Structure formats: C-alpha cells, structure tokens
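Residues per chain, in single letters:
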Amino acid sequence: MVNAISAARILIVDDNAANLTVLAELLDMAGYTRVYTEQSTRQAVTRWQTQPFDLLLLDIRMPDMDGHAVMAALRANLACDDYLPCIVLTAQTDRETREAALDAGAIDFIAKPFDFDETLKRIKTALNTRLLHTKTRNQLTEFGQTISAQTEALIAKDHDLAYLAAHDSVTGLLNRRAVTMRMAELAKTHPGGMTCALIEVTDTDQLLLLEGVESVDVFLRRVSTQLKMVIDDHLGLCGVWGGQTFLCILPFMGDAVRPVFERLVASVFTSMARFDFDVSLHGRGGYSPVVLGAGETHEAAIDAAIRRAGFALASLHKRSNRLVEFNQVMADTALRRNLVERELNLAMQQNPEQFFLQFQPKVDLVFERVVGCEALLRWDHPTLGWISPVEFIPIAEEKGQIEALGLIVLAQALQFIQRMQRECGRAVMVAVNVSGYQFELMRAKGGSLVDEIRDLLEQYQIDPVYLELEITESALMSGFDWVIEKLHRLHGMGISVALDDFGTGYSSFSFLQKLPITTLKIDRSFVDNAANMPRQAALLGGIVRMAQELGLVTVAEGVETFGDIELLKSFNCPIAQGYYYSRPLMPDAFIHLLNQPGRITPAH
Ligand code: C2E
Ligand code: MG
Ligand code: MG
C-alpha cells in the first residue's frame, strides 16, 4: 500500500463495539496504521474538532446523536474550500436513507453487514480522493502565502523605491530633485523669503585616494548629520546637491542667515576632528537670497538663487574655509571664464595660428643695448580681441592645455632665434616662461619637459646658450625637489634658468641657494616707482646686492620711468626690462630694433 494512504488518520464512530472492532481489525490487516475508534458521538465530534481526520466511518443510527447530527456539527466548522470526508455505515440501503445521508454531506455508503473487499475498496477510493484534495489544498494555501508574501515585499519595495527616489543613498539626505521640490513648497508658505547656500567639502578626492571610499562615505554622513542638525533648528531644509556639495535652505533672509551658514561651513572642520585622517578637508560655501521677480514662478526664482549661490562658491579658492554672499561680479567673472575656457579649447584645436609671441627687450644698463628678450604669449581672438595671458594661462594650466601651448611657445621662440641669426647676423638670448604644470603634465604622461626641450633645440639647431627659462616661485612650491632636479638637468645642458616675479612668492635665501638659477627677475611691484619711495628703494638695493653676492644676474622687471632707471643704475643692477625702453614687440619690430646701432632710445 502507498505510504501516504496507510498513514491516513481514520476515525470509526459506531455505538456498537463489535462493529468497531471488526472494522478496526479489518483496516489494521489491510495495513492502515492510524485507525481510531469512538463509541460516543459527542467525543467523536470533540476529537474531530481538535484535530480533523482524513476519513470518518460513521454509523448513521446512534442513540444520543445520530449520524446526520454529527455530520451537521462537523460541517458547520468546515472551511469554505473543504468537504467532510465521511462514509456512512448503514444497514438501511433504501433510497430515502441514502439521499438523506448525501444531503447531510456523506460521500459514500458501506452496507452492514460488511463485505470486506467492497468495504476496503470504498475506503481506499475515499482516502485517495481525500489525500489528493488535501495535497491540492495545501499547495493552494502555500501558493496563496507566497503571493501575499510577495505582495508585501512589493509594497515594501515600493516604499523603498519612493524613499530611494527622494534620498541620497550615502547620506540619507534629500536628493537634488526632492530638495528643490520641497524648497518650492516651502517658498509658497514663506512669503517673507528664503536664502539658499551651497556648501562644499573639498579634497574628498584626496581622502578617497588615501583612505578609500568607505572613509569618504563615513565622513560625508557625519557632515550631513551636522548640517541637518543646524538646519532643522531653524526649520530649514537641506539635501545633497552633488557628490560633496550640499544645498541648505533657511526660511528667512537678511543678516541672520550668515552666522547660521558660517556654522555649516565650520561643521566640516568639527566633523574632521572626529577622524584621524592624513588629509585636511575644507568646507566652503556661497549663498544667495531667493528673490521672486515680478511674474516669476517660485521654481524659476529658486533655480536662479541656486545658480547665484553656485557662482559665489566658484569665486572661492578651492582650499579656503570661507563663505561668501553672491554679487554680480562673481557671475560676470565665472561666465567670462567659462567663455574663455571654451574658446581656448576651440582655438587650440582649430586655430593655433591665433597664438603668437611678442618679444620684450632686456636692456643692459651700462651700455643701454638690447642683450636679450622675453617671449610673451599673445592670443588674438577674432571676436573677443586680445586676451591677456594673465587670463588664459591659468585656465590652460587647470585644463591641461598648457603642455601643448608651452610647446607652441618654445617652438616659436626657437624659430625666432633662427630668424635673428638669419636677419641680424646675431641673436640675443630669448627667455621663455615655463609653468610648473608643464613639468607635471609631461611627467604624468611618462615624458619629460627636459627631453622635449633637448629635441626642439636639436630640431632647430639652436645653441642652448640662447635659451632661458623663466619659472615662478609659486610653480616651484608644488613638487619642489622633483622640479629642482629637472632644472639642474636643463642648467647642465647650458640653458639659463631665471626665477621670475622674485619677491611675490615665499622665497627664502636658503631656497635661492638650492635652486640652479642664473638669473633673478625682480618683480615689478618692487621696481615700480621705487625712485620716489625710500623704503622700497632700500629693499630693491638690498635684493640687487644679495643677488650679486650669490653670483646671479638681476633683471629688474616693469621699469617705466627714468627715475627708476637711474636708481637701478646706482645699485649696479645690470639689466632692466620694461615699458621705459620698450613694450613687448612684434617679431618684425624686434628685429628692426636689434638692427639699430648704438644705444636704445627709450620709448618714453
Ligand atoms: P611675466 O613673465 O612676469 O611677464 C612680464 C609681464 O609684465 C608681461 O605681461 C609684460 O607685458 C608686462 N610688463 C613688462 N614691462 C612692463 C611695464 O613696464 N609695466 C607694466 N605694467 N607691465 C610690464 P603679459 O605679457 O601680460 O604677461 C603676463 C604674464 O603671463 C607673464 O608674466 C607670465 O607669467 C605669463 N605668460 C606670458 N607668456 C607666457 C608663456 O608663454 N607661458 C607661460 N607659462 N606664461 C606666460
Ligand atoms: Mg616672465
Ligand atoms: Mg615677471
């Protein structure tokens, strides 16, 4: 017999003990292992209700409660998808009795006295049907449970999705979309105005490199908790604007906003104190009131205010711990910078001929003859006109274009040396400005500026004595030792090296000793009008003397007046460069000047 059937639970209910025994023994012999008997109908009902059976063999005629009443009691508790697996045991097999039993819920009859074969067959059939029903029912229940579990999971997921759609996954703050939407709602309920600030944590890239992603996330979470605490105190809003930029909104305007935003910027530092990082992170911020223009929507006013806060932020140096309020100059500067950046890229790709050099004479103060020149890069843009190198060089440095631009300058400078030799029968030394970034960019690419320069000298067949490189102190501040090594190599090749804008950086005398320089270019700020300012004159004289002691050539930059020339001569400063003698000249004009015999005629 199939195991499931032999283990089926069968209850026989009959007031006649002999019947019970006969049937129980019959079933036992047939291999059924869980057969139970009950003489009392009430006991039977209680038992069934405690734990239902797979089959009920029920005598229909009993003294206290007949079979119909038992079936009615049991059916009353059936689930809607269940039936009562009951076979009626009866001596009366007339139609009326059978119909009444069926009406009461019986599924079959077994006639008394029992025909054993037929009895076992009917029991087996009834059990098969019952077990199949139970199995199907269990499967359906299980299926139903799975469905409801899945539905619950979907609802939960829906909640999760709604949360994720509105929050930043790292910090848990509102994300960009959600915070601007809430801001618009807040604006409608705060006609008194609002102020928004963009607060940025800088140098997280350094933190990422040194400590890993997890540290950055932990730190940003810490900062966001601090920001939220302060902002919540003032019933404002805050959210994540970009990777490490937060948008914070206060529901008021005027002087009261600044101290609150200052606390936010400062909280970047207070958050730092909890960690043992090697990197020092900075906080900076820009803010602007939200001003609702006539006929303007709240959304448009908010958008404009966030942009203004962005301009204010962009006006700050990356590593300053500062907070500034927006003003129009910031927007103009940022837009102009953006324009120059785009045009620079375009010109370098498509019109490199827009870049050319002018040459400013360096004049020997004893003989008043041109002994050299400085090559100064010029950019003549077709619609924007001449753009100053002071404006575009820092952009080229930041955007990595200085490397290509620097090579254009070097090539043009060497070509000019060739031209002087050809057209004047002699050449003077040409000084080329070199940015510290040029060394760095070449190195990052696995190349070296030293090799590039050597190749160019070879290509144009130029003696290195005609080339001087001007490098500023600030350029040497980053990667000092490494750049110094390069300068030594260039010096070793016979190229002169000048320290440009001397006095504007942080140079110390020991620093000067370490540098492989040949020339010191004293910054214009020391020279300008020194003749009329005794303290400045004394400083200038001191610098010239010191340079002489160190065996360096001094070039005074930005000399504009006769008085300054006289003063420099009295200090025995050997060389001067400035508008007094000449502005930077186009190549033709410089060649013309070089061909003039005798002393240079001052331009003024
Ligand atoms: P710098 O190397 O100190 O160049 C001297 C600057 O002072 C030049 O400005 C020059 O025109 C100006 N100047 C010369 N004499 C006088 C004077 O008597 N009075 C006044 N007021 N100014 C005078 P410029 O050409 O605008 O160049 C500015 C800066 O741009 C340069 O300062 C240099 O740092 C940078 N630069 C120019 N060309 C290049 C280049 O090819 N490469 C790099 N990396 N930087 C360059
Ligand atoms: Mg220079
Ligand atoms: Mg200079």
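Here the structure is a predicted model, which is why all the values come from computation and not from measurement.

Near ligand 1 you find 22 residues, and of these Glu374, Arg378, Asp500, Glu560 and Tyr579 are the closest. One of the side-chain N or O atoms of Gln360 is found 3.0 Å from a nitrogen atom in ligand 1. Contact distances for ligand 1 include 2.8 Å between an oxygen atom and a side-chain N or O atom of Arg378. For the shell around ligand 1, the elements supplying multiple residues, two or more each, are strand E12 (369–381), helix H13 (389–398) and strand E16 (496–502). Looking at the shell around ligand 1, its residues break down into 9 nonpolar, 5 polar and 8 charged.

Take the environment of Val340 next. When you line up the elements, Val340 lands in helix H12 (residues 328–350). Take Val340: its relative accessible area is 0%, and that puts it in the buried class. With 86 residues separating them in the primary sequence, Val340 and Arg426 have C-alpha atoms 38 Å apart. Dropping the residues within four chain positions of it, Val340 is found in contact with Trp379, Glu391, Phe392 and Ile395.

With that settled, the discussion passes to the packing of aromatic side chains. Under the criterion given, the structure shown has 13 aromatic pairs. Ring centres of Phe355 and Phe392 lie 6.2 Å apart, and the angle between their planes is 55°; on these two criteria the pair is classed as tilted. Within this pair, whereas Phe355 is found in strand E11 (residues 355–364), its partner Phe392 is found in helix H13, the two being separated by 37 residues in sequence. The same class applies to Phe355 and to Phe392, which are both buried. Here the aromatic rings of Phe562 and Tyr580 are separated by 6.5 Å at their centres, their planes lie at 40°, and the arrangement is tilted. One end of the pair, Phe562, is in helix H22 (residues 562–570); the other, Tyr580, is in the loop between strand E19 (575–577) and helix H23 (587–594), with 18 residues separating them in the sequence. Grouped by ring-pair contacts, the aromatic residues Tyr36, Trp48 and Phe53 constitute a single cluster. The ring of Phe53 carries Arg9 above its face, with NZ or CZ at 4.1 Å from the centroid.

Thresholds, definitions, all that
Residues numbered from 1 in each chain as written. Chains lettered and ligands numbered in written order. Predicted model: local features only at pLDDT ≥ 70, side-chain atom pairs only at ≥ 80, totals over all residues. Heavy atoms only, no water. Near = heavy atom within 4 Å. Polar contact = N/O pair within 3.5 Å; in protein donor to acceptor, adjacent residues only side chain to side chain. Helix = DSSP H or I, 4+ residues; strand = E, 2+ residues; numbered from the N terminus. Nonpolar A, V, L, I, M, F, W, Y, C, P; charged D, E, K, R; others polar. Buried < 20%, exposed > 50% of the residue type's maximum accessible area, 1.4 Å probe, protein only. Contact = heavy atoms within 4.5 Å. Phe/Tyr/Trp six-rings, centres within 6.5 Å; stacked < 30°, edge-to-face > 60°. Lys NZ or Arg CZ within 6 Å of the ring centre and 35° of its normal.

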